[in-house]
Each structure stands twice: as C-alpha cells, then as structure tokens.
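Here's the letter readout for the chains.
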Amino acid sequence: MDTNEKALIMDQDKLKRTLTRISYEIIEQNKGIDDLVIIGIRTRGVPLAKRLANKIEEIGGKEIPTGVLDITLYRDDLTTLSEQPILKKTEVPLDIKGKKVILVDDVLFTGRTARSALDAVIDLGRPKHIQLAVIVDRGHRELPIRADYVGKNIPTSKKELVSVKLTELDGEDKVVIEEL
C-alpha cells in the first residue's frame, strides 16, 4: 500500500468479481439485455462501463452499446472548480429514446455527480428508464439519490477518500481508502 492508503478494499480479482456480479444483476433486473445502453460518467465510469458492457455481452451473446458522458457543464459547483473548466466530449452513439440506460460511475458520495449525469442524459433524449451502477457507495448523501447496483457499501468519514484505481488510467486495479 502507498503511504496515504489506509485500507485496501478490493484487489484486482475482487473488482473483477464485483463487475461480473453487477453484470448479472443488470441482466436480471432488466429481464435480459434488449434495449440496454451503458454510459460511463467521465473519468473512471468510462472504463468501468466498457468492462460491464463486455461482461454483459459475454453472458448475453449480444453487443451492448456504450457511451461516454461529460457532466462538466451540469455540475452545481462549476464556478468553484476553475475559471475555465476543461470540457471533454460526450459520446453516445445512438438515440437513447425508449432505451434502458445504465449510468456507471466509480464512487457514489454526495449524489451531486449522479444528479448532474441525470440532467445530461435527459438532455440527450427520453430513455425508458435510467439506472445507476457504482463500484462503491460511501454514504454522506446530500441529495435523495441511490444506486441500483452497488459493488460494495463502505462507511467512511468525510476525512477519508475512496479511490478506485483502474488499469486503463492508473496502471492497476484496486479500491483503497486514503487518508486526506
């Protein structure tokens, strides 16, 4: 563990098993994979969404469309982030009208990112429904939002940070609690 890491919550194998379990839950909850669209919230939600889509495709035998959502302009704390926010591209390859949209993020904390993502998705069209999948729910909600699919609930203090490290971005797969 690194010096600021307080606890290892998931290693590579546990993260892989968690994504497999969530994939099965998504298939079961949606009574199959028809009309599913998986959209990752930048940054770490994007590779997680791709991994989930690949696993669901492996299980269900059908390709699942995936997309990338940039919520920068939907954030309620935009002015506190920086004077010139860095915008990245939202890429959703199909019309989501009438689709079952699964939003994917790494950590659910206050609920503000999820709320911003909901606003961004609604601006893209009117899906049949929107569900939220996260690897970690750490509590401390400021808005009435909950995830439909949770890898692990981890009670934390506000002085702690839950970090999901992914090979695609960080060179390794693990979930850790870090001391602020």
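What counts, and where the lines are drawn
Residues numbered from 1 in each chain as written. Predicted model: local features only at pLDDT ≥ 70, side-chain atom pairs only at ≥ 80, totals over all residues. Heavy atoms only, no water. Helix = DSSP H or I, 4+ residues; strand = E, 2+ residues; numbered from the N terminus. Rg over C-alpha atoms; globule rule 2.2 N^0.38 Å. Buried < 20%, exposed > 50% of the residue type's maximum accessible area, 1.4 Å probe, protein only. Contact = heavy atoms within 4.5 Å. Phe/Tyr/Trp six-rings, centres within 6.5 Å; stacked < 30°, edge-to-face > 60°. Lys NZ or Arg CZ within 6 Å of the ring centre and 35° of its normal. UniProt positions renumbered as here; feature names shortened; annotations may be inferred. Salt bridge = Lys/Arg side-chain N within 4 Å of Asp/Glu carboxyl O. Pairing = 2+ DSSP bridges. Axes fitted to C-alpha atoms, helices over the stretch in contact; angles between N-to-C directions.

## Quick word on the overall build of the protein
At step 1: Of the regular secondary structure elements, the protein holds five helices and eight strands.
At step 2: Sequence-ordered secondary structure for the protein, helices as α and strands as β, is β-α-β-α-β-α-β-α-β-β-β-α-β.
At step 3: Its C-alpha atoms give the protein a radius of gyration of 16 Å, within 12% of the compact-globule value 16 Å for 180 residues.
At step 4: Across its three principal directions, the C-alpha atoms of the protein cover 45 × 40 × 30 Å.
At step 5: A total of 180 residues make up the protein; the buried ones form 45% of that total.
At step 6: In the protein, of all internal contacts separated by at least 6 residues, the share reaching a separation of at least 24 is 68%.

## Details of the packing of aromatic side chains
At step 1: Here the structure, examined in full by the defined rule, presents zero aromatic pairs.
At step 2: Here arginine 138 stacks its cationic end above the ring of phenylalanine 109, 4.0 Å away from the centre of that ring.

## What to know about the UniProt feature "short sequence motif: PRPP-binding" (unreviewed entry) in the protein
At step 1: As recorded in UniProt, the sites labelled "short sequence motif: PRPP-binding" (unreviewed entry) are residues 101–113.
At step 2: For residues 101–113, the end-to-end C-alpha separation is 16 Å, with 15% helix and 62% strand making up the annotated structure.

## Regarding the pattern of salt bridges
At step 1: Overall, the coordinates contain 17 salt bridges when judged by the stated rule.
At step 2: Among the salt bridges present, the one from lysine 99 reaches aspartate 35, with a minimum N-O distance of 3.5 Å. In this pair, lysine 99 is assigned in the loop between α3 (78–81) and β4 (100–108) and aspartate 35 in the loop between α1 (12–29) and β2 (36–41), connecting sequence segments 64 residues apart.
At step 3: Given a relative accessible area of 21%, lysine 99 falls into the partly exposed group.
At step 4: Given a relative accessible area of 39%, aspartate 35 falls into the partly exposed group.
At step 5: Aspartate 119 is the salt-bridge partner of arginine 115, the closest N and O atoms lying 2.5 Å from each other. With a gap of four residues between them, arginine 115 and aspartate 119 both fall in helix α4 (residues 112–124), about one helical turn apart.
At step 6: With a relative accessible area of 34%, aspartate 119 lands in the partly exposed category.
At step 7: Through salt bridges with shared partners, a single ionic network connects Glu5, Glu172 and Lys174.

## Remarks on the sheet that holds strand β7 (residues 160–165)
At step 1: Across the sheet, three strands lie side by side as β1-β8-β7; this open sheet has antiparallel pairing. The open sheet terminates on both sides in strands that have one partner only, identified here as β1 (5–10) and β7. Neighbour to neighbour, the strand axes of the sheet diverge by 25 degrees on average, direction disregarded.
At step 2: Here β7 pairs with strand β8 (residues 174–179) via six bridges, running antiparallel. Bridging from a neighbouring strand, serine 163 pairs with valine 176 of β8.

## Thoughts on the sheet that holds β2
Backbone hydrogen bonds are what pair the strands of a sheet, in a parallel or an antiparallel way.
At step 1: A sheet is described by the order of its strands in space; here five strands give the open sequence β3-β2-β4-β5-β6, paired in parallel fashion. Each edge of the open sheet carries a strand with a single partner, namely β3 (66–69) and β6 (149–153). Ignoring strand direction, the axes of neighbouring strands in this sheet form an average angle of 25 degrees.
At step 2: As judged from the five bridges shared by β2 and β4, these two strands associate in the parallel manner. Bridging from a neighbouring strand, glycine 40 pairs with valine 104 of β4.
At step 3: Those strands touched by α1 are β2, β4, β5 (129–137) and β6, and its axis lies near 145 degrees from that of β6.
At step 4: Running over the sheet, α4 touches β2, β3, β4 and β5 and is turned about 155 degrees from β4.

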